[in-house]
Structure formats: structure tokens, C-alpha cells
Amino acid sequence: EAGDPGSAIVDYRGSLKANPQNTEAKFGLSEALTAVGIQAAGEANNEAGIPLLEEAAKLDPKNEVAFTKLGEIYDARGNNALAVANYEKALAIDPELSSLYLPVALSQIEAGNAAKAEIYLAKAEAAGGELADIRFARAVLLVKQNKNDEALAAFDQLASADPQNAAVQYQRGVLFDK
């Protein structure tokens, strides 16, 4: 149903109340809840979007958009386990969502899952992801693994490739200039 997603939610809920087997209404409601959930979350990934997106995903377990946004919200909130779970559900539905590989890798790094992080970093690289971001994530992974000599070399390589990159300079300085 085109138009206002809020009105669509009311209409689809009414249709489902009248006929709980109405799959068109179920998928329409999922789509409308996803739109409103994304709007409620906004750019800041506000947790207000979570219940709407969770309901959308429950109504349509193949709603990769809802799972992706849930992953982003949980990631922004520091809940790596739920971020990864939702990102992986989205990827299971649509393996072509290569833009999720790096966020999943970063969440895996934060969760301490080095092997899984490396798998997703390799996928991000194979999919043509931003090489500097992937290399930065690999350097952080090396730090988390206490492979400090390799990490320092990785940060030095990044710093020499992009001397103006403040994030690389800062991270290298915090970790190694003591």
C-alpha cells in the first residue's frame, strides 16, 4: 500500500485481525513496520526502532532490511552478539549484501572472535570493499590478538599510505608511542 506507512500499519493490522491467514497483509505490515522502524531509529540508530523492526522480522523472517537495521542499531549500542546475529540473518537471506561484511567483521573483532572476523574481512576484500578500512580492521584485529609487531607494521603501512588519516595516526600513537 503506497502512502503513509503509519496508516498502512493500521490498515494491515485490521486486515490481519479480520483474516489472520492474509499473507499479503502480513508482508505489507512487515514492510510498513520496517519503514517506520528505520525512521524511528534514524541516523543515530536510536533503540526506539527495535520493537518495530523485531515485529517486522517476526512477520516476515525473510525481511533482510529489518535484520540489517537491527544489526546496525545493536552495533551502535555496543551489543556485538545481537549485531552479529542480525547481520548474519540478513546475509543468510541475501548473501549479496556485501556491505555487511566489514560491520560483521568489526563486531566479531570486538567480540573476540578472531577467526570469524578474518573470514568476514576476506569476504569484504573479495567483494571489493574499501581496502583502507579493511586493512585498518586487520590491524586492530592483530592488536586484539596481541600480535603487536605485526600490528605496528600494519599501522605503519596504513600511515605511510595515507599520512593525513587522523584515525590511523591516533590509533597507532595510542597503541605504540609510549
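Parameters and conventions
- Residues numbered from 1 in each chain as written.
- Predicted model: local features only at pLDDT ≥ 70, side-chain atom pairs only at ≥ 80, totals over all residues.
- Heavy atoms only, no water.
- Helix = DSSP H or I, 4+ residues; strand = E, 2+ residues; numbered from the N terminus.
- Expected span 1.5 Å × (residues − 1).
- Buried < 20%, exposed > 50% of the residue type's maximum accessible area, 1.4 Å probe, protein only.
- Contact = heavy atoms within 4.5 Å.
- Salt bridge = Lys/Arg side-chain N within 4 Å of Asp/Glu carboxyl O.

> Explain helix 8 (residues 131-144) residue by residue, including any values.
Its 14 residues give helix 8 an end-to-end C-alpha distance of 20 Å, which sits within 8% of 20 Å, the value for a rise of 1.5 Å per residue. Among the residues of helix 8, I134, A137, A139, V140, L141, L142 and V143 are the ones counted as buried. Summarising the contacts, the buried residues of helix 8 are in contact with helix 6 (101-111), helix 7 (114-126), helix 9 (148-161) and helix 10 (166-176). Backbone geometry just after helix 8 places N146 at a positive phi near 60 degrees.

> Provide a residue-level description of the pattern of salt bridges, including the pertinent values.
Close approach of charged atoms allows side chains with opposite charge to pair. Within the structure shown, the criterion is met by six salt bridges. The residue E72 makes a salt bridge to K69 at a minimum N-O spacing of 3.4 Å. Taken together, the positions of E72 and K69, both in helix 4 (residues 64-76) and three residues apart, correspond to about one turn of that helix. For E72, a relative accessible area of 30% puts it in the partly exposed group. Accessibility expressed as a relative area gives 11% for K69, which makes it buried. R138 is the partner of E125 in a salt bridge, and the nearest nitrogen-oxygen pair spans 2.8 Å. Placement of E125 in helix 7 and of R138 in helix 8 is noted, with a sequence separation of 13 residues between them. E125 gets classed as partly exposed once you look at its relative accessible area, which sits at 38%. Note on R138: relative accessible area 22%, which makes it partly exposed. Each of the salt bridges in this network shares a partner with another, and the network as a whole consists of E118, E125 and R138.

Just distances and angles here, no functional claims.
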